Amino acid sequence: MGQETKEEVFAKDFKRDLDDKERSSKRHRTDLKRGRAVPELPSTLDTDEPFDSSSDDSSSDEDDTGELLAELARIKRERANELQKKDAEKALEAERIRKETILSGNPLLKLGAGGQPASSTLREDGMMT
């Protein structure tokens, strides 16, 4: 499937396939609402391929659902971690700005020896040099 020739594509009745799938889906939803599971037989059975009636698609659907829920939980954790990192970075930046404002706002810290302005800078750790 997917490697069909042009002739096969033109010969294929897509409308009929779509109608069959829609009918099958509608029948499946109706059966689920009524609380019974009916195995579906494809309307276009290939005589080359054996039909395995013992395969249970509901268990694979449950497996897929479990995998999707696990993936969703993982994505939510990652987003929460990213948000937490961003919040921590914002808090550090706000604290740095606050310290810088406090230190630059104090006129006594601006004066060096002899009443001259000090040529100091604020380090990352908040200390003046």
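Residues numbered from 1 in each chain as written. Predicted model: local features only at pLDDT ≥ 70, side-chain atom pairs only at ≥ 80, totals over all residues. Heavy atoms only, no water.

A count of helices and strands for the chain gives four helices and zero strands. Order of helices (α) and strands (β) in the chain, N terminus to C terminus: α-α-α-α. The buried share of the chain, taken over its 129 residues, is 4%. Put simply, 18% of the contacts in the chain that link residues at least 6 apart link residues at least 24 apart. For the chain, the accessible surface area stands at approximately 11,800 Å², while carbon and sulfur atoms represent 55% of it. (Helix = DSSP H or I, 4+ residues; strand = E, 2+ residues; numbered from the N terminus. Buried < 20%, exposed > 50% of the residue type's maximum accessible area, 1.4 Å probe, protein only. Contact = heavy atoms within 4.5 Å. Areas by Shrake-Rupley, 256 points an atom, 1.4 Å probe, with all protein chains shown as cover.)

A few words now on the pattern of salt bridges. In total, this model carries eight salt bridges according to the counting rule given. With a shortest N-O distance of 3.7 Å, Lys15 and Asp19 are connected by a salt bridge. Here Asp19 and Lys15 lie together in helix 2 (residues 14-34), a separation of four residues that amounts to about one turn. By relative accessible area, which is 25% here, Asp19 ends up partly exposed. (Salt bridge = Lys/Arg side-chain N within 4 Å of Asp/Glu carboxyl O.)

On the surface, a cluster of negative charge is contributed by Asp61, Glu62, Asp63, Asp64 and Glu67. Structurally, Asp63 can be placed in helix 3 (residues 57-105). (Patch = residues over 30% accessible without salt bridge, like charges linked within 9 Å, V, L, I, M, F, W, Y side chains within 5 Å. Lys, Arg positive; Asp, Glu negative; His and termini not counted. Charge placed at Lys NZ, Arg CZ, Asp CG, Glu CD.)

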